[in-house]
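Coordinates in review
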Amino acid sequence: MARPLGSLVLVVGPSGVGKDTLIDGASRALDNDKRFVFVRRVVTRPADIELDEHDPLPPDDFARAEAAGRFCLAWDAHNLRYGLPISVETDIALGKTVVASVSRHVVAEAMAKYPACAVVLVTAEISLRAERLIARGRESRQQVTSRLARETAAVPSGVNPIIIDNSGSLAIGVTAFVMALRAIAAQE
């Protein structure tokens, strides 16, 4: 009998679209559905309990963990290092649908490494994104404006993502995201 094979769902989108908020909402909505695993990223930035869903790790410790093979994927973004724990591979091998927020820069590598991979692109109106980024308080208004002006395509060419517009209410965004995740899980 063949082993079950799950999938990796890569959640991407520009800053301020609400990726972490949708992931948190879907995690709560699917809490009793054991087909799904929601992965916390490891980031070389201290955690802000109110704003981030990640596990902090100082840069030197991150480098040692990466060298020791503790991440299945790792990447640079915004002058920080990000990684997904190697436990992702165990969950995929157990037939789980693993959901993770990642940078678009790691999508091609992830898709090559994990054949059962899906991409969910979260979008939102630019004015709403600007408001969210300013409210986060990590950057000045000028830095937020510069960030929004320099953004490029959200996914590599040739990737056909599922698109979730998170410009409306949180309930609508979470419902659309949960429906997309259930559709991906049903394909396994």
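Further up the page is the structure itself.
One structure accompanies this document, and this report is about it. (Residues numbered from 1 in each chain as written. Predicted model: local features only at pLDDT ≥ 70, side-chain atom pairs only at ≥ 80, totals over all residues. Heavy atoms only, no water.)

Description of the packing of aromatic side chains
Here the distance between the centres and the angle between the planes together describe a pair of aromatic rings. Just so we agree on the cut-off: Any pair of Phe, Tyr and Trp rings, taking the six-membered ring for Trp, is counted once the centres come within 6.5 Å. Such a pair is stacked with planes under 30 degrees apart, edge-to-face with planes over 60 apart, and tilted for the rest. Think of it in three bands: residues with accessible area under 20% of the maximum for their type are buried, residues over 50% are exposed, and the middle band is partly exposed, with areas taken using a 1.4 Å probe on protein chains only.
Within this structure, the stated rule accounts for 2 aromatic pairs. Summarising the aromatic geometry, the rings of Phe 62 and Phe 71 are spaced 4.5 Å apart at their centres and angled 20° between planes, so their arrangement reads as stacked. A relative accessible area of 12% places Phe 71 in the buried class. Ring geometry for Trp 75 versus Tyr 82: centroids 5.7 Å apart, planes at 5°, classification stacked.

Re helix α6 (residues 141-150)
Our working rule: Labels follow the DSSP assignment, with helices taken as runs of H or I lasting at least four residues and strands as runs of E lasting at least two, numbered in each case from the N terminus. Arc definition: directions from the helix axis to the C-beta atoms.
Taken together, the buried positions of α6 are occupied by Val 144, Arg 147 and Leu 148. Here the buried residues of α6 occupy an arc of 95° about the axis, which is enough to place them on one side. For α6, the exposed residues set more than 90 degrees away from the buried face come down to Gln 142, Thr 145, Ala 149 and Arg 150.

Here we look at the nonpolar core
Cut-off, in case you're wondering: What is meant by a nonpolar core is a set of buried Ala, Val, Leu, Ile, Met, Phe, Trp, Tyr and Cys residues, joined one to another through side-chain atoms within 4.5 Å. Contacts between residues were defined by any pair of non-hydrogen atoms, one from each residue, lying within 4.5 Å.
By size, the foremost hydrophobic cluster in this structure holds 27 residues, and its most contacted members are Leu 8, Leu 10, Leu 73, Trp 75, Leu 84, Val 88 and Val 102. Of all elements in the fold, only β1 (7-12), β5 (71-77), β6 (80-85), α3 (87-93), β7 (97-101), α4 (107-113) and β8 (117-123) reach the threshold of two or more residues within this core. At 4 residues, β5 tops the list of elements feeding residues into this core. Every residue in contact with Val 102, bar those within four places of it in the chain, is listed here: Leu 10, Val 11, Val 12, Trp 75, Leu 84 and Val 107. Grouped together as the second largest cluster of nonpolar side chains are 21 residues, Val 17, Leu 22, Phe 36 and Val 120 included.

Considering the pattern of salt bridges
Here is the rule: Every case where a carboxyl oxygen of Asp or Glu lies within 4 Å of a side-chain nitrogen of Lys or Arg is listed as a salt bridge.
On inspection of all chains with the given rule, the structure shows 8 salt bridges. Its salt-bridge partner being Arg 35, residue Asp 33 comes within 2.7 Å of it at the nearest N-O pair. Look at Arg 35 and you get partly exposed, because its relative accessible area is 37%. We note a salt bridge from Asp 55 to Arg 40, for which the minimum N-O separation is 2.9 Å. Note that Asp 55 is positioned in strand β4 (residues 54-56) and Arg 40 in the loop between β2 (36-38) and β3 (41-43), a separation of 15 residues in sequence. Taken together, the salt bridges that share partners define one network made up of Glu 66, Asp 76 and Arg 81.

On their own, these measurements won't tell you what the molecule is for.
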